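Descriptive structure summary
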Amino acid sequence: MKNLHFLLVAILVGNTVTAQVHTVAGKVTDSTGSPLQFVNIVEKGTQHGTSTDVKGDYHISVKPDATLIFFLASHATQEVNVSGRSQLDVTLASSSKNLGEVIVVAYGTQRRATMTSSQASISTEDFKGQAVNRLDQAIQGRATGVQVTNTTGAPGGDVRIRIRGANSVSGNNDPLYVIDGFVGGDFNVINPDDVEDIEVLKDAAATAPYGSRGSNGVIIVTTKKGNKGKMQLNLTSRLSSSSVPKTYDKLNAGDYAETVNAYDEAVGISPYFTDQQVSEFKAKGGTDWQKEIYRTAIGQQYELGIDGGSDKTSYHISGSYQDLPGVIKNSFYKFYSIRSNVSTHLSDKFSTYINFNGFIRNNTNTFLNSGQANPVTQSIAWSPTVPTYDENGYHYLVKSDPLGSVGFNPLAEIRERLAKTNSYNANIMGGLLYKIIPDLSFNVQYGINYAASEYKNFGDLNVSPEGGYTTRNTGTSIGLQNTNTLNYKHVFNGDHHLDVTAVLEVQKNTWEGFNLGINHLIYPSFMWNNLALGTAQHDRVVAS
């Protein structure tokens with residue numbers, strides 16, 4: 001019976017999805033008719049996109065009335081409405097705009113005109129005015145060869161970023177993040193409104209300056225430094241609404257009961273439901289488990305930025321607050337951050353700078369369990385004939401749905417499991433730049449990064465076969481970095497550029513953590529607040 005039920009659900013889902021999408025294919029060329037590869041193609045108003053291959057071909061599934069944005073460095077951006085077409089060829093005109101702009105790359109700078117296909121640049125203008133909450137949303141669909149996947153769909157959930165695909169089956173495939181010169185930074189700490197420029201290095205462009213650390217690619221983030229002149233204050237507030245646009249089509253309780261009885265008769269056993277029960281299901285309806293676990297989530301976000309400076313000093317100070325509930329009930333994400341970037345020219349030869357960034361991140365039930373403990377999975381699997389609550393008013397928490405699933409009650413999964421993660425981070429970077437001669441400079445930079453996190457997880461008796469469980473993990477890391485850079489840059493006859501950089505960098509990272517899991521809780525109401533009242537599942541202290 002279970003197999004038959006799941007088959008019906010799968011058929012209904014398949015028919016629904018194909019009716020929603022419209023596939024568009026085509027070729028992108030330049031003004032001479034030559035194909036353009038690595039052209040970014042994004043559906044306007046979304047983060048959904050793709051890129052052209054080496055032949056300039058692309059295909060993407062969008063709404064029939066969607067608008068596609070085609071953009072590539074050194075070419076004019078073009079917006080084209082699909083208008084129900086299945087074939088859409090586009091010609092991009094060349095543009096010399098911004099080719100002389102200087103951008104930060106690895107341990108130095110270079111002109112945008114000298115960039116190769118193994119480098120990609122994203123500026124704040126690319127996502128200005130859009131509802132971008134995190135750095136990964138600013139990158140998604142805007143850099144060729146970069147794949148961004150939100151693994152959970154929850155606010156503040158895990159994000160997987162891959163540059164040129166995955167290089168290892170079992171190893172780490174995450175790119176290396178460099179934030180204002182600090183190697184190995186956390187991209188979650190960055191407020192997109194603080195970003196000045198994002199550079200993506202691939203292949204040899206990544207491994208040449210960073211060695212094996214750059215084997216998965218490098219993402220370099222440069223934050224705003226402020227502008228000379230009168231102080232400017234910018235306040236941005238956003239209000240968002242999130243919901244599930246469409247749930248899976250499932251049999252209603254009456255049809256489900258009739259299908260079960262038909263199966264029972266076909267295999268020669270007595271019908272599970274009586275005629276009276278079937279009539280009641282048709283008259284009163286059953287339980288829509290997807291409706292029980294989903295909600296419309298109203299989020300809010302506030303950004304405050306202060307920029308200014310004098311002839312010698314410039315500063316950028318900002319603060320951010322985000323409150324983003326998830327579309328699954330009882331899931332929440334809150335984020336607080338502060339940043340201060342100050343730079344000063346002490347003389348014609350000496351300049352100094354100091355950057356500070358700190359954040360607090362709170363996640364509640366944004367990391368879904370897998371398999372039988374996943375409320376989304378169970379909301380599809382549980383029978384519509386099973387009531388939400390029993391006659392005593394509590395959840396119908398019998399651990400067996402007699403027909404649809406062997407998992408736990410999906411409503412209990414979100415109400416009687418509680419997972420909290422609190423993360424704290426502070427980063428300070430400071431340096432001194434000395435111009436030895438007009439074309440030769442020496443930069444000394446020091447940085448420290450402190451990160452701490454605490455994970456607390458609890459499952460009540462009704463969602464745990466071990467009589468209730470709780471887990472508590474803590475971790476603390478400290479990173480130290482010293483970077484010494486000697487750079488010589490000279491232009492010969494106005495056309496020939498010589499750029500030589502020597503770097504000596506030293507890093508030290510320490511980490512220690514504690515992990516303890518408890519089963520068979522004597523007093524489940526204490527949750528993780530008294531770990532002695534239970535049976536130890538695992539405990540260990542580690543440091544590196």
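What you see as residue numbers is a count from 1 along each chain, following the sequence as written. Under the rules for a predicted model, residues below a pLDDT of 70 receive no local features and side-chain atom pairs below 80 are neither given nor counted, while totals for whole chains, interfaces and linings still include all residues. Side-chain descriptors were evaluated using all non-hydrogen atoms of the structure, hydrogens and water having been removed beforehand.

With respect to the overall build of the chain
Let me state the cut-off plainly: For helices the rule is a DSSP run of H or I covering at least 4 residues; for strands it is a run of E covering at least 2, with both sets numbered from the N terminus onward. Each residue is placed in one exposure class: buried if its accessible area under a 1.4 Å probe, protein chains only, is under 20% of its type's maximum, exposed if it is over 50%, and partly exposed if it falls in between. Residues count as neighbours in contact if any of their non-hydrogen atoms are within 4.5 Å of one another. Note on areas: these come from Shrake-Rupley sampling with a 1.4 Å probe, and a residue is covered only by the protein chains present in the view.
Scanning the chain from N- to C-terminus turns up 8 helices and 26 strands. Looking at the chain as a whole, 42% of its 544 residues qualify as buried. When contacts within the chain are restricted to residue pairs at least 6 apart in sequence, those whose partners lie at least 24 apart make up 64%. Summing over all exposed atoms, the chain offers an accessible surface of approximately 27500 Å²; the carbon and sulfur share of this is 54%.

What to know about the packing of helix α4 (residues 253-266) against helix α5 (residues 275-284)
Defined as follows: Where helices are involved, their axes are fitted lines through C-alpha atoms of the stretch in contact, as for all axes, and angles between N-to-C directions lie from 0 to 180°. In these notes the angle categories are as follows: under 35 degrees is roughly parallel, over 145 is roughly antiparallel, 65 to 115 is roughly perpendicular, and the rest is oblique. Under the convention adopted here, Pro, Cys and the residues Ala, Val, Leu, Ile, Met, Phe, Trp and Tyr are nonpolar, Asp, Glu, Lys and Arg are charged, and Gly plus all remaining residues are polar.
The geometry of α4 relative to α5 is characterised by a closest axis approach of 7 Å and an angle of 155° between their N-to-C directions. Taken together, the axes of α4 and α5 lie roughly antiparallel to each other. For the pair α4 and α5, the contacting residues are Ala253, Gly254, Ala257, Glu258 and Asn261 in the first and Val278, Phe281 and Lys282 in the second. Residue composition of the contact of α4 with α5, grouped by class: 4 nonpolar, 2 polar and 2 charged.

Here's the deal with the pairing of strand β21 (residues 350-364)
Put simply, the rule reads: Strand pairing requires that DSSP identify at least two bridges connecting the strands.
Both strand β20 (residues 332-345) and β21 contribute to a ladder of 14 bridges, which runs antiparallel. The residue bridging Arg339 from the neighbouring strand is Asn357, located in β21. Connecting β20 to the next strand, β21, in antiparallel fashion are 4 residues. As paired strands, β21 and strand β22 (residues 417-437) are joined by 15 bridges and run antiparallel to one another.

Observations regarding the environment of Asn529
As for its position among the elements, Asn529 is in the loop between β25 (496-519) and β26 (535-543). Residue classification places Asn529 among the exposed residues on the basis of a relative accessible area of 58%. On a C-alpha basis, the gap between Asn529 and Thr470 in space is 9.4 Å, while along the polypeptide they are 59 residues apart.

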